[in-house]
Amino acid sequence: MTARDHHYLFSHVHLRNQALRNPEQVLKELSGPLREGFLFFLWQQVEEVANEKVSAVGLKVAGVDTIGGGTLALIELPAAERPAESIFAAVFAGPAGARYFVFDRAVSAPDEACLAELELDDTRINMGNHPATQAALLEVLARELSVPRPASVRPPATMAMPAGSLPGVGSSPGAVLGSSPGSLPGALPGSMPGAMPGAGGAPTPAARPKSKVNVLAIVGLALFAPVFCCLATGVLAYDSGMDADAALDVQTELSTDAQDHEQLVIRMSGPEEIWRYTVTGPGAEGCDYISAYREARCEVRLDQVADPTPTYRIEGRGHGPRLFGESIGDVVDLSAEVEVVRPLGLRWSEVANATVVSGFPGRLAVNRDGALQLLDAPPGTTLNVGGQASAAVQPAVALDVPTLVNQAGVSAVLEGGGRVSIPNVTVRLADGTTAGGAAQVQAGDLRPALLARLAELGDANLGPATGTAAVWIQDGAMRQLVGAPQTLADLGRVVLSESTESTSGRCGPYGLSVFAAYGDYIPRSRWTTTVTVYDRVEDRRAARRRFRGERPSCPQSISMGTRRINGPRANADADAYATEQLAPPPAE
């Protein structure tokens, strides 16, 4: 079974060439905040020419060490499934120069790996088989580089970008591994690319000063010397247009606008011949035609864009050769692509009054059932709270409402003040990218769920009570709170008022049509309020009374469309009785 060419060419050719030609720059990239992005960028370049493509999952920088007076970077590759595929690759730059090593899966045994040093001229120096572990590899490298085994100095942790998130830019795939293997598209042989695509990056170098070639001057001197003075104006008016190697310079910046919406600002500049820019990509519908002279900008709203790494294509249209101000050649189009890496995370937004998922069009809220839900989530999103997970269309996970209420204080929850922190919340997108942290919600957001629990008199989930505070719940909403309970144990009494409507006779008949003398009889109804008092200290129902509301009288006439005659819902006697059960508060 032969090695997959995508996996093999990356470690044995492309990464080797970059590391040995530009060791200092490569080590700088592998130690920087976009080190995984740099690796994915090279990985996708090889993907363009590979016959058997391999996912980049698992590709990362395992660590950066100081060793032998130099620097050693260890790269872990996607799982090596076949012999000769690399498990690790190592780049070293020291006083004696650069060295590059691969740790390949051995042919003889799957739990062994062959260490070899590779050189630019395809020389391979085998250094024997060893256990296929990172510890065994570092031990051999430490001996090889003649220093004691060092302690790992790993760069600060960053979120690895998903496989395929950095597109190749520049020339055709043949330029990746063609006559000069390892050179990046659009770069000089042996050099590093000008910049990596991403927020704040410039994917292409700025245009060099162009030179104007006055072709008509040469023609005029050779053929029309007698009338040269007549052509002088024409010679000076000729514009050769943009140089063949002209390029766009693109800068990106992530920010938030006044409404706290995520915003991307794309700044473009190019040769003076550019007269129009077009930006295409997620959320950039308003930038399809930007009139400009050399420089322009495009503002993109990202709050409805689900892709955490959106790619944008920038096209600049410029003038070709001109004579007397008129075009005498085709227009010239320049283009560039940038990928924007949006940092994912949970943050509180004062404007939205909710926890929002930055880098993603979602916000967290608590529903009436006491579940944390993610709004505006696209299909495939999963919400995790602690050990629970939900993959619904609008993911929601049940919360431990009593615990959160005790954490924030019952008074704060029932009266709507303060903020509650929900730890261990993770949002996982369909592509596996995650955003995690603590979600913040207003204490009042938990009130409906708590009131629903209290309305179920005798709910054992709320635990025992010994306190003197009391609460009055009327038709599912809090009517009054007595005392300042800090825990559920402080809430000793619950008064519950529930209103129901029932038919109580009928009125009529009424003339409801110009074609009929009499119409149908209209039912009339009255409200009945039931007040239940529950003593949580003694764990019993203390009282229950029913109050019948006023029965409505039948009017002489009714308006067209009337279907029922209703009595008043308010019941002063029921309210007075409920208030009496609250004050004074029950004793311990």
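Look a little higher up for the structure.
Residues numbered from 1 in each chain as written. Predicted model: local features only at pLDDT ≥ 70, side-chain atom pairs only at ≥ 80, totals over all residues. Heavy atoms only, no water.

Let us now look at the overall build of the chain. Along its length, the chain carries ten helices and 30 strands. Across the 588 residues in the chain, those meeting the buried criterion constitute 46%. Residue pairs at least 24 apart in sequence account for 58% of intrachain contacts in the chain once pairs closer than 6 positions are excluded. With an accessible surface of roughly 28200 Å², the chain has 51% of that area assigned to carbon and sulfur atoms. (Helix = DSSP H or I, 4+ residues; strand = E, 2+ residues; numbered from the N terminus. Buried < 20%, exposed > 50% of the residue type's maximum accessible area, 1.4 Å probe, protein only. Contact = heavy atoms within 4.5 Å. Areas by Shrake-Rupley, 256 points an atom, 1.4 Å probe, with all protein chains shown as cover.)

Take the sheet that holds strand 11 (residues 295-301) next. Judged by pairing direction, the sheet is antiparallel, and its three strands sit side by side in the order 7-8-11 without closing on themselves. Lying at the two open borders of the sheet, with one neighbouring strand each, are strand 7 (249-256) and strand 11. Neighbour to neighbour, the strand axes of the sheet diverge by 20 degrees on average, direction disregarded. (Pairing = 2+ DSSP bridges. Axes fitted to C-alpha atoms, helices over the stretch in contact; angles between N-to-C directions.)

This paragraph deals with the pattern of salt bridges. With the rule as written, the count across this model stands at 23 salt bridges. One salt bridge connects Asp260 with Arg347, and the closest N-O pair in it is separated by 3.2 Å. Taken together, the positions of Asp260 in the loop between strand 7 and strand 8 (262-269) and Arg347 in strand 16 (residues 345-349) put the pair 87 residues apart, joining distant regions of the chain. Residue class for Asp260 comes out buried when judged on its relative accessible area of 19%. Among the residues examined, Arg347 registers a relative accessible area of 25% and is labelled partly exposed. (Salt bridge = Lys/Arg side-chain N within 4 Å of Asp/Glu carboxyl O.)

Put simply, Gly508 and Pro509 share a cis peptide bond, and its omega is 5 degrees. A positive phi angle, near 55 degrees, is found at Asn353, a position not held by glycine. Secondary-structure assignment places Asn353 in the loop between strand 16 and strand 17 (354-358). Even without glycine at this site, Asp475 takes up a positive phi of about 50 degrees. When its relative accessible area of 36% is taken as the criterion, Asp475 is described as partly exposed.

This next bit is on the nonpolar core. Counting 42 residues, the largest nonpolar core has Leu372, Leu383, Ile422, Val425 and Leu450 as its most contacted members. Core analysis: the next-biggest nonpolar cluster, separate from the first, contains 29 residues, Leu39, Leu59, Ala93 and Ala116 among them. (Core = buried A, V, L, I, M, F, W, Y, C linked by side-chain atoms within 4.5 Å.)

This paragraph deals with the state of the cysteines. Applying the stated rule across the entire model yields two disulfides. Through a disulfide, Cys287 is tied to Cys298; the S-S separation comes to 1.9 Å. In this structure, the disulfide formed by Cys287 and Cys298 twists by about 90 degrees around the S-S bond and is classed as right-handed. Taken together, the residues Cys287 in the loop between strand 9 (274-280) and strand 10 (290-291) and Cys298 in strand 11 connect sequence positions eleven residues apart. Across the pair, Cys298 and Cys287 agree in class, each one buried. (Disulfide = S-S within 2.5 Å.)

Next up on the list: the packing of aromatic side chains. Applying the stated criterion to the full structure yields two aromatic pairs. Look at Phe547 and Tyr577: their rings are 5.7 Å apart centre to centre, the planes differ by 45 degrees, and that puts the pair in the tilted class. With Phe547 in strand 29 (residues 540-548) and Tyr577 in helix 10 (residues 572-582), this pair connects stretches of sequence that are 30 residues apart. Given the relative accessible area of 9%, Phe547 is considered buried. (Phe/Tyr/Trp six-rings, centres within 6.5 Å; stacked < 30°, edge-to-face > 60°.)

Helices that pack against each other are described as a pair by the angle of their axes relative to one another and the distance between those axes. Two numbers describe how helix 2 (residues 23-31) lies on helix 3 (residues 35-47): the axes approach to 6 Å, and their chain directions differ by 120 degrees. In terms of orientation, helix 2 and helix 3 fall into the oblique class. The segment helix 2 lies against helix 3, with Val26, Glu29, Leu30 and Ser31 engaging Arg35, Phe38 and Leu39. Class assignment for the residues of the contact of helix 2 with helix 3 results in four nonpolar, one polar and two charged. (Parallel < 35°, antiparallel > 145°, perpendicular 65-115°, else oblique. Nonpolar A, V, L, I, M, F, W, Y, C, P; charged D, E, K, R; others polar.)

Ordered by their spatial adjacency, four strands build an open sheet running 10-9-12-15, and the pairing between neighbours is antiparallel. Looking at the sheet topology across the chains shown, the edges are occupied by strand 10 and strand 15 (332-339). Sheet analysis places strand 9 next to strand 12 (residues 311-318), joined by six bridges and oriented antiparallel. Opposite Thr280, over in strand 12, you have Arg313 as the bridge partner.

Every buried residue of helix 7 (residues 401-408) is listed here: Val401, Pro402, Leu404 and Val405. The arc that holds the buried residues of helix 7, viewed along the axis, is 165 degrees, so those residues lie on one side. Buried residues along helix 7 sit in contact with helix 8 (410-415), strand 23 (419-428) and helix 9 (447-455). Immediately beyond the C-terminal end of helix 7, within one or two residues, lies Gly409, with a positive phi of roughly 100 degrees. (Arc of directions from axis to C-beta.)

A few words now on helix 3. Taking 1.5 Å as the rise per residue, helix 3 with 13 residues should run 18 Å; its terminal C-alpha atoms sit 19 Å apart, in good agreement. Judged by how many residues are buried, helix 3 sits mostly within the fold: twelve of 13 residues are covered. Along helix 3, the positions that sit buried rather than exposed are Arg35, Glu36, Gly37, Phe38, Leu39, Phe40, Phe41, Leu42, Trp43, Gln44, Gln45 and Val46. For helix 3, the elements touching its buried residues are helix 1 (5-21), helix 2, strand 1 (60-67) and strand 2 (70-76). (Expected span 1.5 Å × (residues − 1).)

Further remarks concern the side chain of Gln373. Note on placement: Gln373 falls in strand 19 (residues 371-375). Relative accessible area serves as the criterion here: at 19%, Gln373 is assigned to the buried category. Residues within four places of Gln373 in sequence aside, it is in contact with Arg363, Leu364, Ala365, Asn367, Leu383, Pro395 and Ala396.

One way to put it is that helix 1 packs onto helix 3 with a least axis distance of 10 Å and a crossing angle of 120 degrees. Overall, the two elements helix 1 and helix 3 adopt an arrangement that is oblique. As helix 1 packs across helix 3, the resulting crossing turns out to be right-handed. Across the interface between the two elements, His6, His7, Leu9, Phe10, His14, Leu15 and Gln18 from helix 1 touch Leu39, Leu42, Trp43, Gln45, Val46 and Glu47 from helix 3. Each residue belonging to the contact of helix 1 with helix 3 can be placed in one class, and the counts come to seven nonpolar, five polar and one charged. (Left-handed = near helix turned anticlockwise from the far one by under 90°.)

Note on placement: Thr433 falls in the loop between strand 23 and strand 24 (434-442). With a relative accessible area of 9%, Thr433 lands in the buried category. Between the alpha carbons of Thr433 and Leu344 there is a distance of 8.5 Å; along the sequence they are 89 residues apart. Looking at Thr433, its side chain comes within polar contact range of the side chain of Asp431, at 2.9 Å. (Polar contact = N/O pair within 3.5 Å; in protein donor to acceptor, adjacent residues only side chain to side chain.)

In this structure, Gln18 sits in helix 1. For Gln18, a relative accessible area of 2% translates into the label buried. Here the alpha-carbon distance between Gln18 and Leu120, two residues 102 residues apart in the chain, equals 9.8 Å.

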